[in-house]
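Observations on chain architecture
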Amino acid sequence: MAILSTPLQYIKSVPPVTRFFTAATLASSTLYLWIRWTTGPTPVAYLTLVPGTSLFFPWTFATSALVEISIIELIISLLVIPASLAYFERLWGTVETLKFIIVCVTGPNIIGCAFNWIEFAVTRNAELFLYGMEYHGQMALFISLLVSFTQVIPEHQVQILGFIKARVKRFPMAYLTFSTIMTLLGFQSPYILIQFGWFVSWVYLRFYKRNVGDSLGGVVSYGDRSETFALTSWFPPFLHTPLSLLGNTVYKLATRLHLLPTSVPHDIESGGYSQVPGGARAEAERRRSVITCLSRSTLLTVTSRALALKALDQRLANSSSGSPTQSGISQAQSSRPSPAAPAPAQNERKPSPVEMDVADTSGSDDGRR
């Protein structure tokens, strides 16, 4: 029991969506490999997505991602996908992670199936484009997770095999380049799903993913409209102008048709866009905006102080330049003789009758003597 306690505790610690998705991948892939081993190398249309039979098995638009047709693909998926899903499930929550998986799996499959039908309409080759390709696996989900990591921790540096170092934001385009090369070499299925998965995941994270910001008092916002996650940020600078024109045109049309949810309240500092609550990237955006505001206020304070000191210096200079004239006037005024002040009049007091009698008595006594 002690030996089994640690694996059971680890399984219980895995978030529920990640746990279920991993178990379903293991079960579906095992079933597919067993069917192929018993019946031969024929497509299993009710497990994988075959464009010609997809209308009869519509659930394969979602469940085909649970099927890996080789042991190597299954091992790689089990090593990479569950750990990434567990990270985002703890960050986003169970419901948002489940919606992300559904959108980033079914969206690329629908686009890929429609693309095959367009190829069939042009070439009339049903054997190749309708029944000769089967879409499967988690390549679209893997590129979607790379896009999500680019949104959350774009500057994080990853070391591969001990000597290859690269930032997280470089991995999606590297994987997309690999998909383009494999598609041009003739391996359209399933590598073209990487390109569709990149586009679908970016659109979903940019405009539709629901965010509840604790720092905003529980206000609901949608997507990440920051400039660092714009469409032009994925491409070299010489493509920014045409992509900006195309993106702005499509955005205005989608807004006019009310295809995009709105975030309330709008962030005035970011031009009406809302940042993603939670995560290092959003925190960096908030810190950058705070630093910008503080820098502006500090610059304004320093400028006002400089103007005040300049005005004070001008006043002191004016007062020092006018002081000799004022001192000369004061000296001239002090040299003038001051007018004599009239002496105050002394009040003469008349003697009282008693004093007069005393005086007369003293005078008569002196005469007798």
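Residues numbered from 1 in each chain as written. Predicted model: local features only at pLDDT ≥ 70, side-chain atom pairs only at ≥ 80, totals over all residues. Heavy atoms only, no water.

**Things to note about the overall build of the protein chain**
- A count of helices and strands for the protein chain gives twelve helices and four strands.
- Looking at the protein chain as a whole, 33% of its 369 residues are labelled buried.
- Total accessible area on the protein chain is roughly 23800 Å²; 67% of this is exposed by carbon and sulfur atoms. (Helix = DSSP H or I, 4+ residues; strand = E, 2+ residues; numbered from the N terminus. Buried < 20%, exposed > 50% of the residue type's maximum accessible area, 1.4 Å probe, protein only. Areas by Shrake-Rupley, 256 points an atom, 1.4 Å probe, with all protein chains shown as cover.)

**A look at the packing of aromatic side chains**
- Under the definition given, this model contains 18 aromatic pairs.
- Through successive ring pairs, a cluster of aromatic residues spans Tyr87, Phe88, Trp92, Phe100, Phe149 and Tyr204.
- Between Arg124 and the ring centre of Phe120, over which it is positioned, the NZ or CZ distance is 4.7 Å. (Phe/Tyr/Trp six-rings, centres within 6.5 Å; stacked < 30°, edge-to-face > 60°. Lys NZ or Arg CZ within 6 Å of the ring centre and 35° of its normal.)

**So, a nonpolar patch on the surface**
- Together, Ile160, Leu161, Phe163 and Ile164 make up an exposed nonpolar region whose accessible area comes to about 430 Å².
- As for its placement among the helices and strands, Ile160 is situated in strand S1 (residues 157–160). (Patch = residues over 30% accessible without salt bridge, like charges linked within 9 Å, V, L, I, M, F, W, Y side chains within 5 Å. Salt bridge = Lys/Arg side-chain N within 4 Å of Asp/Glu carboxyl O.)

**Topic: the environment of Ile153**
- With respect to the element layout, Ile153 can be found in the loop between helix H7 (139–152) and S1.
- With a relative accessible area of 22%, Ile153 lands in the partly exposed category.
- In this structure the C-alpha to C-alpha distance between Ile153 and Val168, which are 15 residues apart in sequence, comes to 7.0 Å.

**Topic: helix H4 (residues 71–92)**
- In this model, H4 (22 residues) spans 31 Å end to end at C-alpha, consistent with the 32 Å of a helix rising 1.5 Å per residue.
- Of all the residues in H4, the buried ones are Leu74, Ser77, Ile81, Pro82, Ser84, Leu85, Ala86, Phe88, Glu89 and Trp92.
- Tucked inside the fold, the buried residues of H4 contact helix H2 (16–39), helix H5 (94–123), H7 and helix H9 (188–208).
- In the segment just after H4, Gly93 is the residue with positive phi, at about 105°. (Expected span 1.5 Å × (residues − 1). Contact = heavy atoms within 4.5 Å.)

**Looking at the pattern of salt bridges**
- Under the counting rule described, the total for this entry stands at four salt bridges.
- Between Glu134 and Arg36 there is a salt bridge, and its shortest N-O distance comes to 3.7 Å. Here Glu134 is found in the loop between helix H6 (126–129) and H7, whereas its partner Arg36 is found in helix H2, with 98 residues between them in sequence.
- Accessibility expressed as a relative area gives 13% for Glu134, which makes it buried.
- Since its relative accessible area comes to 24%, Arg36 is described here as partly exposed.
- A salt bridge links Lys99 to Glu96; the nearest nitrogen and oxygen atoms lie 3.0 Å apart.

**Overview of the confidence of the model for the protein chain**
- Looking at the protein chain as a whole, the pLDDT averages 78, with 72% of positions reaching at least 70.
- Predicted confidence is poor over residues 325–348, with pLDDT under 50, and the contacts of this stretch with residues over four places away or in other chains come to zero contacts.
- In the model, residues 361–369 has pLDDT below 50 throughout and makes zero contacts with residues more than four positions away in sequence or in other chains. (pLDDT = per-residue confidence, 0-100.)

**With respect to unusual backbone geometry**
- Across the junction of Ser189 and Pro190, the peptide omega takes the value 5°, indicating a cis bond.
- Checked against the element boundaries, Pro190 lands in helix H9.
- Its identity is not glycine, yet Arg124 carries a phi of approximately 60°, on the positive side.
- Residue position: Arg124 is located in the loop between H5 and H6.

**Focus on the nonpolar core**
- If you look at the biggest cluster of nonpolar residues, it comprises 36 residues, and the most contacted ones within it are Phe21, Phe100, Ile101, Leu141, Leu145, Ile194 and Leu205.
- Counting residues per element, this core draws most heavily on H7, which supplies eight residues.
- Excluding residues within four positions of it along the chain, Leu145 makes contact with Ile81, Ser84, Leu85, Phe88 and Phe100.
- Core analysis: the next-biggest nonpolar cluster, separate from the first, contains twelve residues, Phe129, Tyr135, Leu193 and Phe196 among them. (Core = buried A, V, L, I, M, F, W, Y, C linked by side-chain atoms within 4.5 Å.)

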